[in-house]
Amino acid sequence: MGSWPVADRSEARARATTGVLFGLAAYGWWGFAAVYFKLVDAVLPLEILAHRIIWSVVVLLLIIAASGRWKAMTRLLGAPASLALLSLSTLLIALNWYVFIWAITHSRIVEASLGYFINPMVNVLLGFLVLHERLRLWEWISVALAAAAVTWLTISAGVIPWISLTLAISFALYGLIRKLAGVGAIEGLTVETVILLPLAAGYLAWRAEAGALAFGAGSTRIDLLLVAAGPVTALPLLWFAAAVRRLRLATIGLLQYLAPTIQFALAVTVYGEPFSARRMVAFVLIWIALAIYSADNFRNRERIRA
C-alpha cells in the first residue's frame, strides 16, 4: 500500500492540529466555567439556570441564522420522533445544569469534578445495558473500579455522593438520548433551550413580581455576568463541534478529561475545598479506571485501523 502524498499528509496534520486546538478550547472552557459560576454565586442557582437558558436561546438563534442552519432546524421541527427524544433530553440537561451550578455555588466543585470523571464509565455501562454493546475485559475492570470508588465514598462518608452520581448519570443518559435522536449539536441544543424558555421566563417573571430578582437589582456587574451565560454556554459547543469534525473519537475521548481535571485543580488550589484521604482513595480508583479504559480503547482503535 503506497504512502500518502506529502500535500495530503500535511493537510491531515494541519486539520488534526486545528481539531486539537478546538478541543482544548472547548474542554478548557468547560473546566474554567467553574470560575464563571463562582462569580455569580450570590444569585440563586435557579435564577442562574433561567438566565443560562434565556441568553443561550438568543445566542444559539443568532448562530443558526449566521451559519444558515434554518433548513436543518426546519427538518428537525418536522420530525416528531426526534422532538420526542429531545423533550426527554431537555429534562436531563436541565437537571445536569442545575446540579452543576448548585455544586459550584455551594463550594462542592470536587464532587462535581468526580461526576465528570465517572461519566465515561457510566457511558460504557449504558452501552452494555441499553445498546447491547459487548464489553471487553478491561472495560469491565474499569467499570468495576469506578463502582468501587463510589461504594468506598458511600461507606466511608455514610452519605451517597449524590452530586457526582447525578452529574455522571444525567449526562450519560443525555448523551445516549442525543445519540438516538441523531441531530446536530447546535440544532439539538437550540430546540432544548427553546423548550425550556417558557419555564425560565415564567420563573424570572415570578421572581420579579416578588421583588426578589437579582437581575436588574442595581449591580451592573451581576447583570452583565448573567447575560454572559449565553455565550458561556454556546461558544464551547461550537468549538466542540469543530473538534469532532476534525479528530478521531479516541482523541476526543482523551481530551474530555481536561474539564474535570481543571475543575478539580481549581477546587483544591484556588477555592480551598477540603480534599481528605477518603476522597483521595476514591479519586485514585477513578483515575486508574480512566487510565485502563483509555489505554484499552486506544489499543482497540489502533487494532481496528490496522
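Observations regarding the overall build of the protein
- When helices and strands are tallied, the protein shows 13 helices and zero strands.
- For the protein, the spread of C-alpha atoms along the three principal axes comes to 70 × 55 × 35 Å.
- Out of the 306 residues in the protein, the part that is buried amounts to 45%.
- Expressed as a percentage of contacts within the protein between residues at least 6 apart in sequence, the contacts between residues at least 24 apart total 84%.
- Total accessible area on the protein stands at roughly 15200 Å², and carbon and sulfur atoms take up 70% of it.

Quick look at the pattern of salt bridges
- The tally for this structure, following the rule as stated, stands at six salt bridges.
- Ionic pairing is found between R108 and E111, a salt bridge with its closest N-O pair at 2.4 Å.
- Accessibility expressed as a relative area gives 26% for R108, which makes it partly exposed.
- The class for E111 is buried, based on a relative accessible area of 13%.
- Notably, a salt bridge pairs D296 with R136, separated by 2.9 Å at the nearest N-O pair. Placement of D296 in helix 13 (residues 277-305) and of R136 in the loop between helix 5 (109-129) and helix 6 (137-157) is noted, with a sequence separation of 160 residues between them.
- Three or more residues joined by partner-sharing salt bridges are found here, namely R108, E111 and R279.

Some points on the environment of V150
- On the secondary structure map, V150 appears in helix 6.
- Residues V150 and V130 lie 20 residues apart in sequence; the distance between their C-alpha atoms is 22 Å.
- Residues within four places of V150 in sequence aside, it is in contact with I118, P161 and L165.

Concerning a nonpolar patch on the surface
- Together, L125, F128, L129, V130 and W140 line one region of the surface with nonpolar side chains, adding up to about 410 Å² of accessible area.
- Per element, the largest residue contribution to the nonpolar patch is three residues, and it comes from helix 5.
- Residue class for L129 comes out exposed when judged on its relative accessible area of 53%.

Let's talk about the packing of helix 3 (residues 70-77) against helix 8 (residues 185-209)
- One can describe the packing of helix 3 onto helix 8 by two numbers: an axis separation of 10 Å at closest approach and a directional angle of 55°. When the axis of helix 3 is compared with that of helix 8, the two are oblique. Like other packed secondary-structure pairs, helix 3 and helix 8 cross with a definite hand, here right-handed. Taking contact as the criterion, the partners of A72, M73, L76 and L77 in helix 3 are, on helix 8, E187, G188, T190 and V191.
- Grouping the amino acids of the contact of helix 3 with helix 8 by side-chain chemistry returns five nonpolar, two polar and one charged.

Cut-off values and rules
- Residues numbered from 1 in each chain as written.
- Predicted model: local features only at pLDDT ≥ 70, side-chain atom pairs only at ≥ 80, totals over all residues.
- Heavy atoms only, no water.
- Helix = DSSP H or I, 4+ residues; strand = E, 2+ residues; numbered from the N terminus.
- Buried < 20%, exposed > 50% of the residue type's maximum accessible area, 1.4 Å probe, protein only.
- Contact = heavy atoms within 4.5 Å.
- Areas by Shrake-Rupley, 256 points an atom, 1.4 Å probe, with all protein chains shown as cover.
- Salt bridge = Lys/Arg side-chain N within 4 Å of Asp/Glu carboxyl O.
- Patch = residues over 30% accessible without salt bridge, like charges linked within 9 Å, V, L, I, M, F, W, Y side chains within 5 Å.
- Axes fitted to C-alpha atoms, helices over the stretch in contact; angles between N-to-C directions.
- Parallel < 35°, antiparallel > 145°, perpendicular 65-115°, else oblique.
- Left-handed = near helix turned anticlockwise from the far one by under 90°.
- Nonpolar A, V, L, I, M, F, W, Y, C, P; charged D, E, K, R; others polar.

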